[in-house]
Amino acid sequence: MKIRLFCPACETPGRVTVPGPPTWHCPSCDHAVALSVSAEPGLPTCAVCGNPELYRKKDFPHGLGMTILLGAFIASTLTYWWYDKVLTWAILLGSAAFDGLLYLWVKDVIVCYRCQAVHRGYPQNPAIKPFDLVVHDRHVYGAAPPGAEEGH
């Protein structure tokens, strides 16, 4: 199991393998971060900050996904412009099938709302839900964002 974290003092990225040392030292500022790895299966709290609010997402680089989408868009636009509708549909349906296979193939990671630490290799925990913007805003803004009470 691996954790990617950011130093709370200088935001330098770092990596930790679990089980391992109970403390991570930042290579830039030598700030020490105590890791709280729980013996409970399924990662009930963040191993870096202890926050119980975690979410899961696919472990796939967003830039690569957007590049695949842009490539399919450009290729299908060109083939449509050349009046080759069969090839256009083949590109569009092929890219959709490829996207579906990637979705099934790529595993999930668990991310902390508070410190953005990424936890890889942990067993699936059904209590950890996908990203929730309300929970994210509570951690970023400290409370409900302005205007949330009025229904904006």
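Residues numbered from 1 in each chain as written. Predicted model: local features only at pLDDT ≥ 70, side-chain atom pairs only at ≥ 80, totals over all residues. Heavy atoms only, no water.

We now examine the packing of aromatic side chains. Any pair of aromatic rings gets described here by the distance separating the centres and the angle formed by the planes. Taken as a whole and assessed by the stated rule, the structure comprises three aromatic pairs. Pairing Tyr 55 with Tyr 113 gives two aromatic rings, centres 4.7 Å apart and planes at 45°, and the pair type is tilted. Highlighted residues: Tyr 55 in strand S5 (residues 54-58) and Tyr 113 in the loop between strand S6 (108-112) and strand S7 (118-120), separated in sequence by 58 residues. On the accessibility criterion, Tyr 55 (8% relative accessible area) is buried. Relative to Phe 131, the ring of Tyr 113 has its centre 5.9 Å away and its plane inclined at 35°; by these criteria the two rings are tilted. Of the two residues, Tyr 113 is situated in the loop between S6 and S7 and Phe 131 in the loop between strand S8 (129-130) and helix H3 (133-141); the sequence distance between them amounts to 18 residues. Looking at Phe 131, the relative accessible area reads 43%, which means it is partly exposed. Connected via pairs of aromatic rings, a cluster forms that spans Tyr 55, Tyr 113 and Phe 131. Here the basic side chain of Lys 58 rests over the ring of Tyr 103, its NZ or CZ set 4.4 Å away from the ring centre. (Phe/Tyr/Trp six-rings, centres within 6.5 Å; stacked < 30°, edge-to-face > 60°. Helix = DSSP H or I, 4+ residues; strand = E, 2+ residues; numbered from the N terminus. Buried < 20%, exposed > 50% of the residue type's maximum accessible area, 1.4 Å probe, protein only. Lys NZ or Arg CZ within 6 Å of the ring centre and 35° of its normal.)

The tally for this structure, following the rule as stated, stands at three salt bridges. Between Arg 138 and Glu 53 there is a salt bridge, with the nearest N and O atoms lying 2.3 Å from each other. Here Glu 53 lies in the loop between strand S4 (32-34) and S5 and Arg 138 lies in helix H3, a separation of 85 residues in the sequence. Look at Arg 138 and you get partly exposed, because its relative accessible area is 36%. (Salt bridge = Lys/Arg side-chain N within 4 Å of Asp/Glu carboxyl O.)

With a probe scaled to a water molecule rolled over the atoms, the places where space remains empty come into view. Here the largest pocket is characterised by a volume of approximately 420 Å³. Lining the largest pocket are 18 residues; nearest its centre among them are Phe 60, Gly 65, Met 66, Asp 99 and Leu 102. Those elements that place two or more of their residues in the lining of the largest pocket are S5, helix H1 (62-81) and helix H2 (85-105). It is H1 that contributes the most residues to the lining of the largest pocket, seven residues altogether. Partitioned by chemical class, the residues of the lining of the largest pocket number 12 nonpolar, three polar and three charged. Taken as a whole, the second largest pocket encloses approximately 180 Å³ of empty space. Lining the second largest pocket we find 14 residues, and of these Lys 107, Asp 108, Val 109, Gly 121 and Tyr 122 sit closest to its centre. For the lining of the second largest pocket, the elements supplying multiple residues, two or more each, are S6 and S7. Taken together, the residues of the lining of the second largest pocket sort by class into five nonpolar, four polar and five charged. (1 Å grid on protein atoms, 1.4 Å probe; cavity = no way out; pocket = protein on both sides within 12 Å on 5 of 7 lines; lining within 4 Å. Points joined across faces, edges and corners; volume = space filled by probe spheres on them. Nonpolar A, V, L, I, M, F, W, Y, C, P; charged D, E, K, R; others polar.)

The quantities given are spatial measurements derived from coordinates; they are silent on function.
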